[in-house]
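Examining the three-dimensional arrangement
Here is what each chain is made of, one letter per residue.
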Amino acid sequence: MSEVDMAVIKPEICSQMMNSYICLQTADGSIQQVEQEVAMFCPMICHEVIQKGMGSSKNCAISLPQRVNPAMLSLILDYCRFHQVPGHSNKERKSFDEKFIRMDTKRLCELTSAADSLQLKPLVDLTSRALARIIEGKSPEEIREIFHLPDDLTEEEKLEPLKNTTDDPRIRLLNRLYAKKRKELKERQKLKNDEVEEERADDRSVDDLLSFINGDNGDSKGNKTSKSKKKNRKRKDQQKSTSTNETIKNHNKELNGLNSVRCSAEVGQKSWATSNLLDVEDDIFASKNELDDGDIDDEIDPALKEKIDREVEDFARRLNSDWPERMQEILSFGHEREPVHFSLNGNGSLRRYTNSEYR
Amino acid sequence: MANSPCQEIDVSSKRSKSSDKEVCFDRISRLPDVLIQHILSFLPTKEAMTTSILSKRWLPIWTSVPIIDLQDSRSCRTDSSLRLRFGQFVTRVLILNKMACLDKFRLEFNMVDHPSYVKTWFRDAVSRDVKELDITVHGTQSFPILKLPFVLFTAKTLQVLKLSNEVELHVPGTVSLPCLKVLHLVWIKYRNDESVSRIFADCHVLQELVLHIYVGDNTTISNISIPTLKIMSIRFATGQHKHQLKINAPILEYLNLEDNLGLEFDLELSGSKSLCNAKSVSLHWDWHSKMTWRNFRPHRLFHKLVRSELNVGYGGWNMLSLFLEISYNLQLLVLAKNDNCRGLGLECRWKPPKYVPECLLSSLERVDFKGFEDVAYQLRMVKYILGNAQVLKMMDIFTDGDLPLESKLDVLKKLLMFPRGSKECQLHFN
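Bear in mind the structure is a predicted one, so any value in this text is a computation, not a measurement.

When helices and strands are counted, chain A shows 16 helices and 5 strands. The proportion of buried residues among the 359 residues of chain A is 46%. Taking all contacts inside chain A whose residues are at least 6 apart in sequence as the whole, residues at least 24 apart take part in 68%. Surface accessibility of chain A: about 18,400 Å² in total, with carbon and sulfur atoms responsible for 49%.

Written out as structure tokens, the structure reads:
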């Protein structure tokens, strides 16, 4: 039989049956009977009925895609039931849509997915717009919290794209501190390899130290200037920064010195980053001059914030404990973590080196 | 037991709380890329870009959204370095967006000091087969106007073109816009009259035209002849005393004519079928505008007119009788007193139609009257309509907010006293 015959015959058979229902089977095996007009509003179901003649009885129930679970199916059918009636005015449809879309984001996502698999474009648009409205105007942490997104980008990866600003200077400062701490962890890893510890009297200024840590080989751009620019906004936070600067200073006394190769690699990365097209100082977007010392004008998770707070306390505690104990801790601490070094590939992409490869 | 329902409720709420905690995983990232891009396409591009730092999954997605919607900030109006930065930013976005075909490119910005940037953007958009282009430019002292590159007028895939403010339309001799369906030219400048006529001549599938014309824009649009046009909205703000407009649009369904301060409107409908198919006509003008319709054949016009809006001053009320007589199927009538004329209370002589119009007897279901004032001619109108409309379901009357309450009540009483031709008629008074 040709498809046209099928299209002509099937509705007749359906109407001959009890209530012209169509049987739909969801992925969990349960079968629902739905009025024909309502179900045919979905293009995918319509296609199945007309092209393949399915759905007329429980034996040949239309099996719906996996993304459609029974709860979503009932929502979708409610939508179809309302909209397939031709008599409603545009105003009525709009107000129905507005009420319909009020649900939590979890269900919105599921509904979008289900509607997409049934090719029900008006509903996909409706739910997509609702999700877009949720995303709009929120900071990345808020969005991550709402949708439970994992924060799995490293600081370097977050450097690259242009970002929105939450102008909280404390967040920026914490990011900077975090970046510094990661470098300290790398330094401690170096420490593990060096047996001899020298305690050097180090009376360089804090700023010099910081710039040295961050691999400044005469290419420092923004550290001091950026700090002076934002002096007014950071008065409160100077206290925090000085206390952690102390700890950094003290740790530097224990160190042998930094690997200059590593520094230059980092500088290379930064100069690439600064010449990157994305590097723009813009009052619309975060100031990028502060890329240099690994400053990331980035938002920071509350979780990360806590992590940093803990580390700060940790450092403070270690300072106050005995020297040999501290040595032991540092040595053992260096074993636990494998810091990863980043460097540049020829095509400008970041490449991860493990410690052994690193030269 | 009395306790068990409460216990049940507690348990179920606890259960839902714990299930919320358990099921805290990332649903939105499980959506396929196409859907996430669809969601991001409803956001301005800046917002879409911020999603790239959410997580690894989201990092590259914004670059595949085929819509670029950018707007600069207010402070760009006065700061040229900010404008420059915005210009660089737009260039970067265009480079990073990796879609070979753009659906929409919308820009609203203050003119950057390097117009070559802007031309590059348009060339890029056109080369990416852009379908919709929406440009609003605010001119600056050094660069008061944007001149569009000619490449725009040979864009084969362009379906929607919207230009606003300080853009100059200079159409070259060769125009080829085979897909253009929607054209909005709002407060723009024209190089010469030929630019307009060239564009109109070439658009073979144009369905929607919106024109806002003002004084000093270097053109006098008087002849619009577009056979495929369905929607037309023209607004004059020229302050000229007389407008002459010749419309040839046989399948026009929606017409909106607005005029500020015009005194005389000379509308010629050329072609035998003009406005026959019009479903909605809306006229806005003020003061003593008088409209003469040429080539007017009442028995042909407005058979399909379902909605009519008259937003008029003093000279326009005589249109009401005309409309009622010639629109046989009118369902919705909106009457409004033009904002510029309200509160002045001037009278006008309104004559009701000779014979009760057909539409009042059989089709008019709803009337909205905005800006109602307690003046004799308006009361007469309302009385006439209420008395003769036999299928009227609702009449909504809105008065100005600043009328004192007692006078409102007076008016309401008068209105309620009018005899009604339709039994189902409800009178709403705001």
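The next thing to look at is the overall build of chain B. Counting secondary structure elements, chain B contains 10 helices and 21 strands. Split into buried and exposed, the 430 residues of chain B put 50% on the buried side. Restricting the contact set of chain B to residue pairs at least 6 apart, pairs at least 24 apart contribute 67%. Total accessible area on chain B is roughly 19,600 Å²; 53% of this is exposed by carbon and sulfur atoms.

What follows deals with the pattern of salt bridges. Residue and element names in this part refer to chain B. Counted under the stated rule, the structure contains 19 salt bridges over all chains. Where Asp 113 meets Arg 83, a salt bridge forms, and the shortest distance between an N and an O atom there is 3.6 Å. Residue Asp 113 is found in the loop between strand E2 (104-110) and helix H5 (115-127), and its partner Arg 83 is found in helix H4 (residues 80-96); the two are separated by 30 residues along the sequence. For the salt bridge of Arg 106 with Asp 134, the shortest nitrogen-to-oxygen distance reads 4.0 Å. Taken as a pair, Arg 106 in strand E2 and Asp 134 in strand E3 (residues 132-138) lie far apart in primary sequence, 28 residues in all. Of the two residues, Arg 106 and Asp 134, both sit in the buried class. Because the salt bridges share partners, they merge into one network encompassing Asp 69, Arg 106, Glu 108 and Asp 134.

Attention shifts here to the packing of helix H7 (residues 121-135) of chain A against helix H8 (residues 140-147) of chain A. Residue and element names in this part refer to chain A. Close contact between H7 and H8 brings their axes to 10 Å; oriented N to C, the two are set at 135 degrees. Between H7 and H8, the crossing angle belongs to the class labelled oblique. In this structure, H7 contributes Leu 131, Ile 134 and Ile 135 to the contact, and H8 contributes Ile 143, Ile 146 and Phe 147. Within the contact of H7 with H8, the residues separate by chemical class into 6 nonpolar, no polar and no charged.

Let us look at the sheet that holds strand E2 (residues 31-35) of chain A. Residues and elements named next belong to chain A. Taken in spatial order, the 3 strands make up an open sheet running E2-E1-E3, and their pairing is mixed. Each edge of the open sheet is held by one strand with a lone partner, namely E2 and strand E3 (62-63). Examined bridge by bridge, strand E1 (residues 21-25) and E2 share 5 bridges and lie antiparallel to one another. By the bridge assignment for E2, Cys 23 is matched with Gln 33. Contacts from helix H4 (residues 70-83) reach E1 and E2 within the one sheet, and its direction differs from that of E2 by about 5 degrees.

This brings us to the sheet that holds strand E6 (residues 167-169) of chain B. Residue and element names in this part refer to chain B. Taken in spatial order, the 3 strands of this open sheet run E4-E6-E8, and their pairing is parallel. Only two strands of the sheet have a single partner each, and these edge strands are strand E4 (146-147) and strand E8 (189-190). Here 2 bridges tie E4 to E6, and the two strands are oriented parallel to one another. Within E6, the position partnered with Lys 147 by the bridge is Glu 168.

Next up on the list: the environment of Val151(B). All names here are of chain B. Tracing the sequence through the fold places Val 151 in the loop between E4 and strand E5 (160-165). Distance from Val 151 to Arg 123, taken between C-alpha atoms, is 6.6 Å for residues 28 residues apart in sequence. Contact partners of Val 151, with chain neighbours within four places excluded, come to Arg 123 and Val 126.

The biggest cluster of nonpolar side chains holds 161 residues, and the ones touching the most others in it are Ile45(A), Phe105(B), Leu169(B), Leu209(B), Leu211(B) and Ile224(B). Not counting the four nearest positions on each side in its chain, Ile224(B) is found in contact with Phe200(B), Leu209(B), Leu211(B), Met232(B), Ile234(B), Leu245(B), Lys246(B), Ile247(B) and Asn248(B).

For Gln119(A), which is not glycine, the phi dihedral falls at a positive 60 degrees. In this fold, Gln119(A) is placed in the loop between helix H6 (105-117) and H7. Notably, Asp129(B) is not glycine yet its phi reads approximately 55 degrees, a positive angle. Position of Asp129(B) relative to the elements: it lies in the loop between H5 and E3. Overall, the relative accessible area of 34% leaves Asp129(B) in the partly exposed class.

With that settled, consider helix H5 (residues 90-100) of chain A. Given 3.6 residues per turn, any residue in an α-helix points the same way as the ones three and four places further on. Residue and element names in this part refer to chain A. What H5 keeps buried is the set Arg 93, Phe 96, Asp 97 and Phe 100. The buried residues of H5 occupy one face: seen down the axis, they fall within an arc of 100 degrees. Away from its buried face, by an angle of more than 90 degrees, H5 presents the exposed residues Lys 91, Lys 94 and Lys 99. Contacts from the buried residues of H5 go to H4, H6 and H7.

Time to look at helix H10 (residues 405-417) of chain B. Residue and element names in this part refer to chain B. Across its 13 residues, H10 extends 19 Å between first and last C-alpha, which sits within 8% of the 18 Å expected from 1.5 Å per residue. Those residues of H10 not exposed but buried are Lys 408, Val 411 and Leu 415. Take H10 and look down its axis: the buried residues cluster within an arc of 65 degrees, on one side only. Across from the buried face of H10, at angles greater than 90 degrees, the exposed residues are Glu 406, Lys 413 and Met 417. Tucked into the core, H10 has its buried residues touching strand E19 (366-372), helix H9 (376-388), strand E20 (394-399) and strand E21 (426-429).

Residues and elements named next belong to chain A. Direction vectors running N to C along H6 and H7 enclose 150 degrees, while the axes themselves pass 9 Å from each other. Taken together, the axes of H6 and H7 lie roughly antiparallel to each other. Crossing of H6 against H7: the hand is left-handed. Residues Thr 105, Leu 108, Cys 109, Leu 111, Thr 112, Ala 115 and Asp 116 of H6 lie in contact with H7, whose contacting residues are Leu 123, Val 124, Thr 127, Ser 128, Ala 130, Leu 131 and Ile 134. For the contact of H6 with H7, the class distribution of residues is 9 nonpolar, 4 polar and 1 charged.

What follows concerns the side chain of Glu48(A). Secondary-structure assignment places Glu48(A) in helix H3 (residues 43-52). When sequence neighbours within four positions are dropped, the list of residues in contact with Glu48(A) reads Gly53(A), Met54(A) and Ile62(A).

Attention shifts here to the side chain of Gln378(B). Residues and elements named next belong to chain B. Structurally, Gln 378 can be placed in helix H9. For Gln 378, a relative accessible area of 0% translates into the label buried. Gln 378 has contacts with Trp 317, Lys 337, Phe 369, Gly 371, Phe 372 and Glu 373, leaving out every residue within four places of it along the chain.

Residue and element names in this part refer to chain A. In the structure shown here, the tally under the stated rule is 10 aromatic pairs over all chains. Ring centres of Tyr 79 and Phe 96 lie 6.4 Å apart, and the angle between their planes is 45 degrees; on these two criteria the pair is classed as tilted. With Tyr 79 in helix H4 and Phe 96 in helix H5, the pair connects residues that are 17 residues apart, well separated along the chain. Each member of the pair, Tyr 79 as well as Phe 96, is classed as buried.

A few words on the environment of Leu427(B). Residue and element names in this part refer to chain B. Among the secondary structure elements, Leu 427 is positioned in strand E21. Between the C-alpha atoms of Leu 427 and Leu 386, which are 41 residues apart in sequence, the distance is 9.5 Å. Ignoring sequence-local partners within four residues, the contact set of Leu 427 consists of Met 395, Ile 397, Leu 415, Leu 416 and Arg 420.

Residue and element names in this part refer to chain B. Of all 6 residues making up E5, 5 are buried, and the element is well covered by its neighbours. In this sheet, E5 lies alongside E3 in parallel orientation, the contact comprising 6 bridges. Following the sheet pairing, Ile 135 is matched in E5 by Leu 163. Sheet topology places E5 next to strand E7 (residues 182-186); 5 bridges connect them, and they run parallel. Bridge assignment links Val 160 to a residue of E7, and that residue is Val 182.

How each quantity is defined
- Residues numbered from 1 in each chain as written.
- Chains lettered and ligands numbered in written order.
- Predicted model: local features only at pLDDT ≥ 70, side-chain atom pairs only at ≥ 80, totals over all residues.
- Heavy atoms only, no water.
- Helix = DSSP H or I, 4+ residues; strand = E, 2+ residues; numbered from the N terminus.
- Buried < 20%, exposed > 50% of the residue type's maximum accessible area, 1.4 Å probe, protein only.
- Contact = heavy atoms within 4.5 Å.
- Areas by Shrake-Rupley, 256 points an atom, 1.4 Å probe, with all protein chains shown as cover.
- Salt bridge = Lys/Arg side-chain N within 4 Å of Asp/Glu carboxyl O.
- Axes fitted to C-alpha atoms, helices over the stretch in contact; angles between N-to-C directions.
- Parallel < 35°, antiparallel > 145°, perpendicular 65-115°, else oblique.
- Nonpolar A, V, L, I, M, F, W, Y, C, P; charged D, E, K, R; others polar.
- Pairing = 2+ DSSP bridges.
- Core = buried A, V, L, I, M, F, W, Y, C linked by side-chain atoms within 4.5 Å.
- Arc of directions from axis to C-beta.
- Expected span 1.5 Å × (residues − 1).
- Left-handed = near helix turned anticlockwise from the far one by under 90°.
- Phe/Tyr/Trp six-rings, centres within 6.5 Å; stacked < 30°, edge-to-face > 60°.

That's the geometry; what it means functionally is another story.
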